[in-house]
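An overview of the molecular structure
Listed below are the residues making up each chain.
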Amino acid sequence: MEENFYLDNELEFEDKTLQGLISNLKECFEDKQKYFVKLCKTIYNIWSYCKNNYWKAKNNEYYNSYKLLAKFGFSKTAVCRLKNCYERFCNDRDINIQLKDIFKDFSPSKLYELLPLKEELIYECVNKNIISAKMSKKEIRQIVKDLVNGVPVDKISNAVVEIEEINEEEIPMVYDPKQNYEFEYFKSKSKNQLLNMIWDLQKEYQESRNKKVEVIYDER
């Protein structure tokens with residue numbers, strides 16, 4: 001089930017460190033997809049800073065980490081999921097936090113599917129291409145389910161090869177950015193489907209932007 005996150009502008013704390021973390025969290029709401037990695041880090045930092053303590057807000061209420069984040073729409077499940085993504089998938093280089101190279105092509109919804117696996121098993125499966133960013137969420141979920149149920153990695157790899165041999169060019173595109181769609185088309189999609197669309201569009205935009213920069217420098 002997808003989480004509905006929202007701002008609570010009235011929540012303020014006298015503790016400057018905590019208030020600064022909340023400001024960082026509010027920045028992530030500008031574009032949750034673009035700032036996914038920063039969101040993971042911020043959730044982790046708030047959880048770490050507030051855990052095992054209650055902090056008094058200016059409204060005279062006391063908050064621990066989960067109660068505070070609940071004010072922004074984050075359930076305990078969402079908090080655990082995001083902080084685990086930070087611990088497992090992020091490469092934190094001071095302010096330049098980003099996804100580790102091995103996970104950079106995975107959408108957030110696909111990274112969530114990997115969380116039930118032990119970290120070493122995730123790396124093994126991704127390195128051996130048993131799990132890849134090109135797979136659908138459904139395919140990844142089934143592989144993770146099999147692994148959790150004790151199916152050996154070498155038994156799963158054969159099934160994955162069969163999936164990857166499908167000629168994707170023969171499969172009609174569900175969504176084509178060059179076409180015009182009615183609002184009802186997007187309204188009928190799930191939040192995960194919309195997130196994946198935005199994720200793909202963001203990557204295409206960044207690639208086209210980089211190409212334009214290269215052209216400018218070539219002309220100079």
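Residues numbered from 1 in each chain as written. Predicted model: local features only at pLDDT ≥ 70, side-chain atom pairs only at ≥ 80, totals over all residues. Heavy atoms only, no water.

The subject of this paragraph is the nonpolar core. In this structure, L68, F74, F89, F106, L114 and I131 are the most contacted members of the largest nonpolar core, which totals 52 residues. For this core, the elements supplying multiple residues, two or more each, are α1 (16-28), α2 (36-50), α3 (65-70), α4 (76-89), α5 (108-114), α6 (119-127), α7 (137-148) and α8 (153-164). With 8 residues, the single largest contributor to this core is α2. (Core = buried A, V, L, I, M, F, W, Y, C linked by side-chain atoms within 4.5 Å. Buried < 20%, exposed > 50% of the residue type's maximum accessible area, 1.4 Å probe, protein only. Helix = DSSP H or I, 4+ residues; strand = E, 2+ residues; numbered from the N terminus.)

Attention shifts here to α6. Every buried residue of α6 is accounted for by L121, I122, C125 and V126. For α6, the angular spread of the buried residues around the axis is 130°, confining them to a single face. Opposite the buried face of α6, by more than 90 degrees, sit the exposed residues E120 and N127. Residue N129 follows α6 closely and has a positive phi angle near 65°. (Arc of directions from axis to C-beta.)

A few words on the pattern of salt bridges. Overall, the coordinates contain 3 salt bridges when judged by the stated rule. Across the pair E61 and K67 runs a salt bridge, and its minimum N-O distance is 4.0 Å. Judged by its relative accessible area of 37%, E61 falls in the partly exposed class. We classify K67 as partly exposed; its relative accessible area is 37%. Among the salt bridges present, the one from E124 reaches K128, with a minimum N-O distance of 3.0 Å. Residue E124 is classed as partly exposed on the basis of its relative accessible area, which comes to 30%. (Salt bridge = Lys/Arg side-chain N within 4 Å of Asp/Glu carboxyl O.)

In the predicted model, the protein chain carries a mean pLDDT of 76, and the fraction of residues at 70 or more is 67%. Below pLDDT 50 for its whole length, residues 158-173 participates in 9 contacts with residues either more than four positions away or in separate chains. (pLDDT = per-residue confidence, 0-100. Contact = heavy atoms within 4.5 Å.)

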